[in-house]
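Structural overview for review
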2 protein chains.
Amino acid sequence: MLKNETVFNPLAIYKEIQNNYTKDAIENNRIISNENFRLFIEMIHSCINELKKYQKITLISKVQRKRYFAYTNGKQKSRPINFDLYVENEKEIITFIWSAVRFNNYKKYSPNDITKYCYTIVVNFCAIVDINKKDDRQTPGKFFEYFISFIMGKKFDVENPNSPISPKKDIEVLNLDRNSKLTIDFYFDLGINKPKFHLPVKTSTRERIIQVWAHQRIIDGVYGLGRFFGIPVILAETKLDSRSLEVIEICVPDQWRIYQMFIAQLKRIYYLDIPNIYRSLNENYPKIYVKQFGEFFYEYNNICD
Amino acid sequence: MLKNETVFNPLAIYKEIQNNYTKDAIENNRIISNENFRLFIEMIHSCINELKKYQKITLISKVQRKRYFAYTNGKQKSRPINFDLYVENEKEIITFIWSAVRFNNYKKYSPNDITKYCYTIVVNFCAIVDINKKDDRQTPGKFFEYFISFIMGKKFDVENPNSPISPKKDIEVLNLDRNSKLTIDFYFDLGINKPKFHLPVKTSTRERIIQVWAHQRIIDGVYGLGRFFGIPVILAETKLDSRSLEVIEICVPDQWRIYQMFIAQLKRIYYLDIPNIYRSLNENYPKIYVKQFGEFFYEYNNICD
C-alpha cells in the first residue's frame, strides 16, 4: 500500500513502479502482480489530479484529420495530445482498468476504445514529465515500457496459464566459443513449442526505427526464421514546433518498406496514435501491417499464423 | 573569395562551406573544388582565432591512458578534447593541409600525425559550436561530414584520375515495380569494376551505430556481397559530465560483435579518437578492424582485398 503522501505525486509513483517492476521482473519472474496493478491505478488518479493544475492550449495540426492540444503551465508545454483519442472521464478509464485489464477480458471494448484508454493513461504521465522535467525523454519512455509490458504481459500470461510469463530484456546470442547477450526492449517467451515475441516499445521512432528491424534480423539469424514474432508498440510520431504551435508527423514509409524487404520481417507494428501515412502500408504489397494498439487484443491468435 | 568581414566567423564560414558543398556535390558532381579547399583553410584560421577568446580547463579523465581538456567561456563548456591528439601549432596544421591534403601526398606524415591534424581541425570547430549553440549536435556533425568526405573524396579522386568522384547520399534500391532510395551518410562509387565505398560519418555513435550495420545489410542485399565496402568514420565516443567534469567513453563492444556476425560485415571502422576498448576488437576472432583514421591513407589499397 502507499504509505505516505509523497507517493501521490506521479513522479513518486513512477519511482515505486520502477522499483516494483525491477523486483518483480528480475526476482519473482513476473510483472503482473497485484501491487503493480494497484500502482498503475494510483498513477491514473494522480496524473488526472495533477493535470488539473495546467491549462490546455489548442495546437495547429498540420496532420490531416487529426486535432491536437497540449497542456501547459505557462512556461513549458507538453507533447501534442490527440483530441480524438483522449478520454476526459476518469471513471471510464478506471472502469476499463478494473474490468478489462484486470481480468484480461476486453470483449466490452472495441480496439479503438482500448487504444484510447491506453493512450490517455500513457500520455497523461508523459505530459506531466514534459512540463516538469525539461528534455527528459527517458522517464516517459520507461513508463510507456512498464505500462505496455504490463498490459501485454497480462494477456500473454492468461493465454499461457501453466507458467508465469515475464518480459525479458537480454537475449542470449549463442555462439561456439562465446556467449553474448543482445539487449533489446523486451521479449516474451511463451515456452516450448509456443510463440515468442520480440516487443520493442518506443514513444516515437523516426529514423531510429531501423534498430527494431536490425534486432529482428539478429534474432532471426540466431534462433531461426519464424521463431520470434516482432511486434513493436509505438506511442506516436508527432512533433511540436513550440514557437509556431504547429504539429506534424515525421514518417519514413519508403524507408520502412526497404527495411521490411532487406533487413527482416516484422509481424505487426502497433501504434497508440497511428500516423495516417503508415496506415496505407497495410494496403500495398509488400505489406507491412500497421495497426492500432487495441487490435492486438482481438487478433492475438492470428498474429502468429 | 571571401568578400566581407562576417565570413571570418567560423559559423559564417560553415554556411559558405555548406552552400558550396551542396552546389558542388549536386550541380557539379564534385566536392573537391579549389573553392572548398580555400574555405577549409579559412575555417582552420578562423577557429584558432576564435578559440583564443576561451579558456582551457583540464577534465577528469576516467579513460585509461587518455587526458582531456575542454574550452569554456565561463558558462558553456566544449566537448572533451584529447590532449595527445591536439595540435596547438597553427602553422603545422596549415602546412599539412597545403602539402599533404592538397596534393593527396601523405608520405611525410605518419597515420598518427594525419589523425592528429584532422582531429584538431574538426574538434576546434565542434568546440566553438558547443560553446555558442547549446545542444546543437547537427552543425558539428555536418561539418565533420563535409571535412571527411572532402579529404577522403580527394583520395578517391586521385586514385581514379579518369572520372571525377563525388560522394552521394541517396542509394537506389532496385525493385521490380518500385524504385526507392535509401538515404545514407555517403557513398563513393569509383566506377565500373572498381570498388564502391559505404561511408557513414558520425561524431559519436553509442548504440545508434546499429544503423550503420543495418544500412550495410540493405546495400549487400540489393547489390550483392562484396560490392560496397563499409568504412564508417567516427570522431569519438567520449561523454562529459558537465558537473563533475569527468570524461568517460561509452562503448558497446559485445553488441558490435553481434552486429558484425549477425547483421553485416563492415570492412573498417575508423576513429579520430579511437576508444581503447574498441582497439581490442582487432585482436580477437571474429575480428572487427577498428583503426585510427590516418591509417586509411596508408592501407587504401588493402581495404578492398
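Residues numbered from 1 in each chain as written. Chains lettered and ligands numbered in written order. Predicted model: local features only at pLDDT ≥ 70, side-chain atom pairs only at ≥ 80, totals over all residues. Heavy atoms only, no water.

**Some words on the relation of the copies chain A and chain B**
Both copies of the chain are related through a single rotation about an axis accompanied by a shift along the same axis. The transformation that overlays chain A on chain B combines an axial shift of 0.0 Å with a rotation of 180°, and the residual RMSD is 0.0 Å. Such a combination of rotation and displacement between the chain copies is what one expects of a two-fold axis. When C-alpha positions in chain A are compared against the rotation axis, the closest is assigned to Ala214(A), at 2.9 Å. In this assembly, 100% of the residues forming the interface of chain A have copies in chain B that are likewise at the interface, indicating an isologous arrangement. (Least-squares fit on C-alpha atoms with pLDDT ≥ 70 in both. Contact = heavy atoms within 4.5 Å.)

**Side note on a positive patch on the surface**
Taken together, the side chains of Arg137(A), Arg208(A), Arg137(B) and Arg208(B) define a basic patch exposed on the protein surface. As for its position among the elements, Arg208(B) is in the loop between strand E8 (201–202) and helix H6 (210–223). (Patch = residues over 30% accessible without salt bridge, like charges linked within 9 Å, V, L, I, M, F, W, Y side chains within 5 Å. Areas by Shrake-Rupley, 256 points an atom, 1.4 Å probe, with all protein chains shown as cover. Salt bridge = Lys/Arg side-chain N within 4 Å of Asp/Glu carboxyl O. Lys, Arg positive; Asp, Glu negative; His and termini not counted. Charge placed at Lys NZ, Arg CZ, Asp CG, Glu CD. Helix = DSSP H or I, 4+ residues; strand = E, 2+ residues; numbered from the N terminus.)

**Regarding the pattern of salt bridges**
All names here are of chain A. Evaluation of the coordinates by the stated rule reveals 32 salt bridges over all chains. As a salt-bridge pair, Asp185 and Lys202 come within 2.9 Å of each other at their nearest N and O atoms. Pair noted here: Asp185 is in strand E6 (residues 180–189) and Lys202 is in strand E8 (residues 201–202), with a separation of 17 residues, a long-range link. Across the pair Glu299 and Arg268 runs a salt bridge, and its minimum N-O distance is 2.8 Å. Here the residue Glu299 occupies a position in helix H9 (residues 296–303), and Arg268 occupies one in the loop between helix H7 (253–262) and strand E13 (269–271), the gap between them amounting to 31 residues.

**Some details on the state of the cysteines**
Across all of its chains, the model carries 0 disulfides over all chains by this definition. Of all cysteine sulfurs, the one in Cys126(A) lies closest to Cys251(A), which takes part in no disulfide; the gap is 18 Å. This cysteine, Cys118(B), is not joined by any disulfide, and Cys126(B) carries the nearest cysteine sulfur, 13 Å off. Classification of Cys118(B) by relative accessible area gives buried; the value is 0%. (Disulfide = S-S within 2.5 Å. Buried < 20%, exposed > 50% of the residue type's maximum accessible area, 1.4 Å probe, protein only.)

**Points about the side chain of Asp273(A)**
All names here are of chain A. Mapped onto the elements, Asp273 comes out in the loop between E13 and helix H8 (276–279). Of the polar contacts made by the side chain of Asp273, one reaches the side chain of Tyr68; its length is 2.6 Å. Those residues in contact with Asp273, other than ones at most four positions away along the chain, are Lys66, Tyr68, Asn82, Leu85, Tyr119, Leu235, Ala236 and Thr238. (Polar contact = N/O pair within 3.5 Å; in protein donor to acceptor, adjacent residues only side chain to side chain.)

**Topic: the interface of chain A and chain B**
Between chain A and chain B, the residue contacts involve 25 residues of the former and 25 residues of the latter. Counting each side, the surface lost to burial between chain A and chain B is near 2200 Å², with a carbon and sulfur contribution of 63%. There are 0 salt bridges connecting chain A and chain B. The interface formed by chain A and chain B includes 2 residue pairs in polar contact (both at pLDDT 80 or more). Listed by contribution, the elements that provide at least two residues to the side of chain A that touches chain B are E6, helix H6 (210–223) and H7 of chain A. In terms of residue count, H6(A) provides more of the side of chain A that touches chain B than any other element does, 8 residues in total. Grouping the constituent residues of the side of chain A that touches chain B by class yields 13 nonpolar, 8 polar and 4 charged. (Buried area = accessible area lost by both parts, 1.4 Å probe. Nonpolar A, V, L, I, M, F, W, Y, C, P; charged D, E, K, R; others polar.)

**Some thoughts on the sheet that holds strand E10 (residues 233–234) of chain B**
Hydrogen bonding along the main chain pairs the strands of a sheet, whether they run parallel or antiparallel. Residue and element names in this part refer to chain B. Judged by pairing direction, the sheet is parallel, and its 4 strands sit side by side in the order E8-E10-E13-E14 without closing on themselves. Strands with a single pairing partner mark the edges of an open sheet, and in this sheet they are E8 and strand E14 (290–292). With 3 bridges joining them, strand E13 (residues 269–271) and E14 adopt parallel strand pairing. Considered in E14, the bridge of Tyr270 is made with Lys291. (Pairing = 2+ DSSP bridges.)

**Comments concerning the pairing of strand E6 (residues 180–189) of chain B**
Residue and element names in this part refer to chain B. Burial within E6 is extensive, with 7 of its 10 residues counted as buried. In the sheet, strand E5 (residues 168–173) pairs with E6 via 5 bridges, with the strands oriented antiparallel. For Lys168, the partnering residue across the bridge sits in E6 and is Tyr187. Bridging between E6 and strand E7 (residues 196–198) involves 3 bridges; their strand directions are antiparallel. Note that in E7 the partner of Asp189 across the bridge is Lys196.

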